[in-house]
Amino acid sequence: MDLTILYRGPLASCDYDCPYCPFAKRRDSGERLRADRAALERFTAWAAEQTGDRLSVLFTPWGEGLVRSWYRRALVGLSHLPHVERVAVQTNLSGRTGWLAAAERDKVALWCTYHPGQTPYERFLGRCRELTALGVRHSVGVVGLAEHLEEARRLRAALPSEVYLWVNAAEGHTYTDEEADLWTALDPLFPYSRFPHRSAGLPCRTGGSVVSVDGDGTVRRCHFVRAELGNLYDGSYRKALGPRGCPLEVCDCHIGYVHLETLPLYDVFAGGVLERIPARPAPAPDGPLGGRARPGRESAADGLVTSRGPVPDGLVGPDPAGRRPLPFVTR
């Protein structure tokens, strides 16, 4: 079996306090940290035993994992397992990077977010240069807030051309066409993030070849759907795997909509889906997705609703209240 796992344990603490993040600057108790460590070590032990499967793992902690020794050990250890295709982690890159020299560089990868105001620019850029020198695959990105634009431009100019710089649309923010153009100039794939994607009933790889796993081993189709498929450690999840339509109305997060079969993102990110690295220099999407929403354009078959009127490609534009976090659903 080929299986991609998005793992998120109990860890919630972070060393940053970004105002746009609801989980910033949480402090985990010693008990919670020990529980997170035990849960992660249980998961990596399980992964090591699955020699009959091919696994890919993305760690998506609420907090910052790489300042914790057990996450660093997990990435190194998993990278050396023959049946693990890729192991990646989302990180603010605040910690040291030298430990990655012990990892299998063809398998380990980092999805790095730059948070202006939380870390000095030169320090973050220095970490990126360390990754390049180590030969570690990585992408770098920012949240698309107006106050981040100049820093993002500065970072793009300093990074090697082969390092993809992505931009996430900010929660609660609606972009004018002019604003979107500024971000698309930095990240040609920004239009995929600008609007939520209509997903209700549409085929998605989550629940089939992609699953979410928490610290207790509970398996769900993705981070945004609460319904359980079983447990990782007793194997009960296996019989529940299979193709299924999405139960959500829209999907508003890259780690979710990248797996929608109605979008071409598995081709765009071929070989780099987990670490968010395009297979080639990021292309601008074809058609209306790649440009401005066109006022008054309507097609009953298109099914894309924006604040300016329907346009094609399965996206759903924000309502006047702006972008909102996806809820958990139970079905």
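Up top is the structure these notes are about.
A. A look at the packing of aromatic side chains. Per the counting criterion, the structure on display carries 10 aromatic pairs. A ring pair is formed by Tyr7 and Phe59, whose centres lie 5.7 Å apart and whose planes are at 80°; its orientation type is edge-to-face. Of this pair, Tyr7 sits in strand β1 (residues 2-8) while Phe59 sits in strand β2 (residues 54-59), and the two are 52 residues apart along the sequence. Taken individually, Tyr7 and Phe59 each receive the classification buried, so the pair is uniform in this respect. With a centroid separation of 6.0 Å and 70° between ring planes, the pair formed by Trp111 and Trp166 is classed as edge-to-face. You can see Trp111 sitting in strand β4 (residues 108-113) and its partner Trp166 sitting in strand β6 (residues 165-168), a full 55 residues away along the chain. Taken together, the ring pairs connect Tyr7, Phe43, Trp46, Phe59 and Tyr71 into an aromatic cluster. Here Arg8 stacks its cationic end above the ring of Trp62, 3.7 Å away from the centre of that ring. The side chain of Arg205 reaches across the aromatic face of Tyr266, ending 3.7 Å from its centre.

B. Structural context of helix α5 (residues 177-186). Of all the residues in α5, the buried ones are Asp177, Ala180, Trp183, Thr184 and Leu186. Buried positions along α5 lie against β5 (137-143), α4 (149-158), β6 and α6 (190-194).

C. Broad picture of the sheet that holds strand β3 (residues 84-91). Pairing within the open sheet is mixed, and its nine strands lie in the order β6-β5-β4-β3-β2-β1-β9-β10-β11. Looking along the sheet, the strands with just one partner apiece sit at the ends: β6 and β11 (228-231). Between one strand axis and the next, the sheet turns by 25° as a mean value, whatever way the strands run. Here five bridges tie β3 to β4, and the two strands are oriented parallel to one another.

D. Highlighting the pattern of salt bridges. Here the structure, examined in full by the defined rule, presents 13 salt bridges. The shortest N-O distance in the salt bridge between Arg127 and Glu130 comes to 3.9 Å. One end of the pair, Arg127, and the other, Glu130, are both in helix α3 (residues 121-134), three residues apart, so they sit about a helical turn from each other. A relative accessible area of 18% places Arg127 in the buried class. Classification of Glu130 as partly exposed rests on a relative accessible area of 32%. In this structure, Glu275 engages Arg137 in a salt bridge whose closest nitrogen and oxygen atoms are separated by 2.8 Å. One end of the pair, Glu275, is in the segment after α8 (265-268); the other, Arg137, is in strand β5, with 138 residues separating them in the sequence. Note on Arg137: relative accessible area 28%, which makes it partly exposed.

E. Seen up close, the layout of surface pockets. Approximately 400 Å³ is the volume attributed to the second largest pocket. Surrounding the second largest pocket, 18 residues form its lining, Thr4, Ser56, Glu85, Val273 and Leu274 being those nearest its centre. Contributions of two or more residues to the lining of the second largest pocket are made by β1, β2 and β3. Among the residues making up the lining of the second largest pocket, the classes are represented as eight nonpolar, five polar and five charged.

F. Spotlight on the packing of α4 against α5. Interaxial distance between α4 and α5 falls to 10 Å at its minimum, and their mutual angle equals 20°. Relative to α5, the element α4 lies roughly parallel. In the crossing of α4 with α5, the sense of the turn from one axis to the other is left-handed. For the pair formed by α4 and α5, the contact residues are Leu149, Ala152, Arg153 and Arg156 on the first element and Leu182, Trp183 and Leu186 on the second.

G. Focus on the environment of Arg156. Tracing the backbone through its elements, the reader meets Arg156 in helix α4. Counting along the chain gives 30 residues from Arg156 to Leu186, while the straight-line C-alpha distance between them is 7.3 Å. The contact partners of Arg156, leaving out residues within four places of it in the chain, are Ser161, Val163, Tyr164, Leu165 and Leu186.

Cut-offs and rules
- Here, residues in each chain are numbered from 1, in the same order as that chain's written sequence.
- The model is predicted, so local features are restricted to residues of pLDDT at least 70 and side-chain atom pairs to those at 80 or more, both for listing and for counting; the totals for chains, interfaces and linings are taken over all residues.
- Hydrogens are left out, water is left out, and the side-chain values use all remaining heavy atoms of the structure.
- Pairing of aromatic rings covers Phe, Tyr and Trp, the last counted by its six-membered ring, and requires centre-to-centre distances within 6.5 Å; plane angles under 30 degrees mean stacked, over 60 mean edge-to-face, and any other angle means tilted.
- The way it works is that DSSP assigns letters per residue, a run of H or I at least four long becomes a helix, a run of E at least two long becomes a strand, and they are numbered from the N terminus.
- Partly exposed describes any residue whose relative accessible area lies between the buried limit of under 20% and the exposed limit of over 50%, with all areas from a 1.4 Å probe on protein chains only and scaled to the type maximum.
- Geometrically, a lysine NZ or arginine CZ counts as sitting over a ring once it is within 6 Å of the ring centre and also within 35 degrees of the ring normal.
- Whether two residues are in contact is decided by their heavy atoms: any pair within 4.5 Å suffices.
- Pairs of strands are assigned from DSSP output, requiring at least two bridges between the strands.
- Inter-axis angles, ranging from 0 to 180 degrees, are taken between N-to-C directions of lines fitted to C-alpha atoms, where helices are fitted over the stretch in contact.
- Salt bridges, as used here, are contacts in which a Lys or Arg side-chain nitrogen is within 4 Å of a carboxyl oxygen on Asp or Glu.
- Here the term cavity refers to a set of points on a 1 Å grid, laid over the protein atoms alone, in which a 1.4 Å probe fits but cannot get out; the term pocket refers to an open set having protein on both sides within 12 Å along at least five of seven lines, with lining residues being those that place an atom within 4 Å of a point.
- Grid points are joined across faces, edges and corners, and a volume is the space filled by probe spheres set on the points.
- Under the scheme applied here, ten amino acids are nonpolar (Ala, Val, Leu, Ile, Met, Phe, Trp, Tyr, Cys and Pro), four are charged (Asp, Glu, Lys and Arg), and all others, including Gly, are polar.
- Note on angle classes: values under 35 degrees are labelled roughly parallel, values over 145 roughly antiparallel, values of 65 to 115 roughly perpendicular, and the remainder oblique.
- Note on convention: near helix rotated counterclockwise from far helix by under a right angle means a left-handed crossing. Clockwise means right-handed.

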